[in-house]
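Listed below, chain by chain, are the residues.
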Amino acid sequence: MLDESLLDDPEALARADRRGLLRGAAEAGARVRTAVRHAAEAGLTELKPDGRPRAVLIAGPGTAAGCVADLLDGLVGSGCPVIRLAPTGVAPAAGALRWALPGWVGPVDLLLIATPDGTEPGLSLLAEQAYRRGCTVVAVTPARTPLAESVQGSHGLTVPMATSPYGAYEGAHDEAARDSASYEARRVEDEAAPGAPGTLWALLVPLLVLLDRTGLVTAPVDALQKVADRLDHVAERCGPAIATYSNPAKTLAAELTDSLPLIWTEGQSAGAAGRRFAAILVELAGHAALAAELPEALPAHGAVLAGNPTGGDDTDDFFRDRVDDRAALRARVVLLRDRPADAGGLTAAPAARELAHGHDVALSELEPEPGDELESLAELIAVTDFAAVYLALAPGDGS
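In the annotation of an unreviewed UniProt entry, the entry for the chain reads SIS domain-containing protein, and the organism field reads Streptomyces atriruber.

Written out as structure tokens, the structure reads:
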């Protein structure tokens, strides 16, 4: 069971938050503004491309880079193929990962590299390979890292990753200290925390600015400023000082305790947000979840709705003492939609509700306030990020 007494104790949450997850979620809006500024300083807002690329390839490690690729794929749509280059290697360590370009990649393609680390030799080798093929390379990575130097040496464009505006090292004014190896190592370690909510926006926003200039997405600077404002608004509604009964993220976290979330999404943006929610529930909170898009989610998860997904086998010893048995998880549907219910258009939401209620399965619903596509996407991601963080910080049994 979720420790709801901890959930409504901001000081206790702060003590439990050793990885700075709540801070990362709360500062997402600030990260967007910083990322926009870095993109402008790097010259992205003034680019005048000759035309659209034939294909966009995205490389990077971990959940954040995978989500960046998924989000960009949804936002670009049919305008251009967006392909994530998945890493290979014997371990998920920076030094062990390798990436490779498909054989057809050439001068008319665009390689985007997104990483909160920047020490991966495999990404530096990938940038060099792309340079030899004549492929344009743009990287978002922490400043003064080996990858940043490699991309610049290969005549690519590097945008410094937006770091935490309230980080322990952001206030350093001694230039020698800021340039020191120890400072850089500590900062990169802080920024590369697995699943850190703010990392997504620091990697995504400069690439949105770039693709806006190529005409593949609509993400002008003023629209990104609205995204930052929406993220600030969510942080005010979902922050640790807001009680559970009026806090949508805490409410969702409480509803998901002792359950297997079936995350059903409607709308292309909601699909990417739902897949991210499932991924960070596992990564941050160790909480299994399944995600699927409507209407295909209904037959895909029908068998899960009909039974107990993780119930134990009671045939081993009918008379055993069950006091210490772990409670079986029950499915709970989480319906994410990228538009308000009154927006009109075809929707499978009524069928989803009917199926869930027909199996006596609880259902949670989340939809954004009115706004454009980027704002709606930002709200869904922000609320679910906060929910995952609360599940990670307030587990039951005093853990």
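Engineer: Please set out the overall build of the chain residue by residue, giving values where relevant.
Structural biologist: Scanning the chain for helices and strands turns up 17 helices and nine strands. Across the 399 residues in the chain, those meeting the buried criterion constitute 51%.

Engineer: Outline the pattern of salt bridges, supporting the account with residue identities and numerical values.
Structural biologist: Tallied over the entire structure, the rule returns 17 salt bridges. Glutamate 293 is the salt-bridge partner of arginine 275, the closest N and O atoms lying 2.8 Å from each other. Of the two residues, arginine 275 is situated in helix 13 (residues 268–285) and glutamate 293 in strand 7 (residues 290–293); the sequence distance between them amounts to 18 residues. One network of salt bridges, with partners in common, ties together Arg230, Arg237, Glu375 and Glu379.

Engineer: Could you give an account of the packing of helix 4 (residues 28–41) against helix 10 (residues 197–214), with specific residues and numbers?
Structural biologist: Angle between the axes and distance between the axes: these two values describe a pair of packed helices. The contact between helix 4 and helix 10 brings their axes to 8 Å, and the two run at 35 degrees. At the point where helix 4 passes helix 10, the crossing takes the right-handed sense. Contact with helix 4, carried on its side by Ala28, Arg31, Val32, Ala35, Val36 and Ala39, involves Gly198, Thr199, Trp201, Ala202, Val205, Pro206 and Val209 of helix 10 and no other residues of that element. Per-class residue counts for the contact of helix 4 with helix 10 are ten nonpolar, two polar and one charged.

Engineer: Give a detailed account of the layout of surface pockets, specifying residues and quantitative values.
Structural biologist: When its volume is computed, the second largest pocket comes out at roughly 390 Å³. Along the wall of the second largest pocket there are 23 residues; nearest its centre are Pro49, Asp109, Leu110, Thr136 and Val138. Of all the secondary structure elements, the ones that give two or more residues to the lining of the second largest pocket are helix 6 (121–133), strand 4 (136–141) and helix 10. Per element, the largest residue contribution to the lining of the second largest pocket is three residues, and it comes from strand 4.

Engineer: Give a detailed account of the sheet that holds strand 2 (residues 82–85), specifying residues and quantitative values.
Structural biologist: As summarised here, the arrangement of the five strands in space is 2-1-3-4-5, forming an open sheet in which the pairing is parallel. Each of the sheet's edge strands pairs with one partner strand only, and the pair in question is strand 2 and strand 5 (157–160). Between one strand axis and the next, the sheet turns through 20 degrees on average, direction left out of account. Of the strand pairs in this sheet, strand 1 (residues 56–59) and strand 3 (residues 110–114) are connected by four bridges, and their pairing is parallel. Looking at the pairing, valine 56 lines up with leucine 110 of strand 3.

Engineer: A description of the environment of glutamate 369 should follow, citing residues and the corresponding values.
Structural biologist: Along the chain, glutamate 369 falls in the loop between strand 9 (363–366) and helix 17 (373–393). Considering only alpha carbons, one finds glutamate 369 and leucine 380, eleven residues apart in sequence, at a separation of 9.7 Å. In this structure glutamate 369 touches Arg230, His233, Arg237, Ser376 and Glu379, once residues within four positions along its chain are discounted.

Engineer: So what about empty space enclosed by the protein? Which residues, and what values?
Structural biologist: The tally for this structure, following the rule as stated, stands at two cavities of 30 Å³ or more. The space that makes up the second largest cavity amounts to roughly 40 Å³. Ala25, Ala28, Pro197, Trp201, Leu231, Ala382 and Asp385 together form the lining of the second largest cavity. Of all the secondary structure elements, the ones that give two or more residues to the lining of the second largest cavity are helix 10 and helix 17.

Engineer: For helix 17, give the residues involved together with the corresponding values.
Structural biologist: Along its 21 residues, helix 17 runs 30 Å from first to last C-alpha, staying within 8% of the 30 Å computed at 1.5 Å per residue. Its side-chain oxygen 3.2 Å from the backbone nitrogen of leucine 374, aspartate 372 forms the N-cap of helix 17.

Engineer: Any details on the sheet that holds strand 9? Residues and values, ideally.
Structural biologist: A sheet is described by the order of its strands in space; here four strands give the open sequence 7-6-8-9, paired in parallel fashion. Of all the strands in the sheet, just strand 7 and strand 9 have a single pairing partner and so form its edges. Each strand axis lies, on average, 20 degrees off the axis of its neighbour in the sheet, ignoring direction. Bridge count between strand 6 (residues 259–266) and strand 7: four bridges; the pairing is parallel. When the sheet's bridge partners are listed, isoleucine 263 is paired in strand 7 with alanine 291. Each of strand 6, strand 8 (330–337) and strand 9 is contacted by helix 12 (residues 248–256), which is oriented at about 150 degrees to strand 8, the strand it contacts most.

About the thresholds
- Residue positions are given per chain, counted from 1 along the sequence in the order it is written.
- For a predicted model such as this one, the threshold for reporting local features is a pLDDT of at least 70, and the threshold for listing and counting side-chain atom pairs is 80 or more; totals across whole chains, interfaces and linings nevertheless cover every residue.
- Only heavy atoms go into the side-chain values, all of them from the structure, while hydrogens and water stay out.
- Secondary structure elements follow DSSP: runs of H or I no shorter than four residues count as helices, runs of E no shorter than two count as strands, and numbering proceeds from the N terminus.
- Residue burial is assigned from relative accessible area. The probe radius is 1.4 Å, only protein chains are included, and a residue is buried under 20% of its type maximum, exposed over 50%, and partly exposed in between.
- The salt bridge definition used is simple: a Lys or Arg side-chain nitrogen within 4 Å of an Asp or Glu carboxyl oxygen.
- To get an axis, a line is fitted to the C-alpha atoms, and for a helix only the part in contact is used. The angle between two axes follows their N-to-C directions and goes from 0 to 180 degrees.
- Left-handed describes a crossing whose near helix is turned anticlockwise from the far helix by less than a right angle; the clockwise case is right-handed.
- By definition in these notes, contact holds between two residues if any of their heavy atoms fall within 4.5 Å.
- Just so you know the grouping, Ala, Val, Leu, Ile, Met, Phe, Trp, Tyr, Cys and Pro go in nonpolar, Asp, Glu, Lys and Arg go in charged, and all remaining residues, Gly too, go in polar.
- A pocket here means an open set of points on a 1 Å grid, computed over the protein atoms alone, that has protein on both sides within 12 Å along at least five of seven lines. A cavity is instead a set of points where a 1.4 Å probe fits but cannot get out; residues with an atom within 4 Å of a point line either one.
- Grid points are joined across faces, edges and corners, and a volume is the space filled by probe spheres set on the points.
- Only when DSSP finds a minimum of two bridges between them are two strands counted as paired.
- By definition here, a helix of n residues has an expected span of 1.5 Å times n minus one.
- What qualifies as a polar contact is a pair of N or O atoms within 3.5 Å, subject to a donor-acceptor requirement within protein and to the restriction that residues adjacent in sequence count only when both atoms come from side chains.

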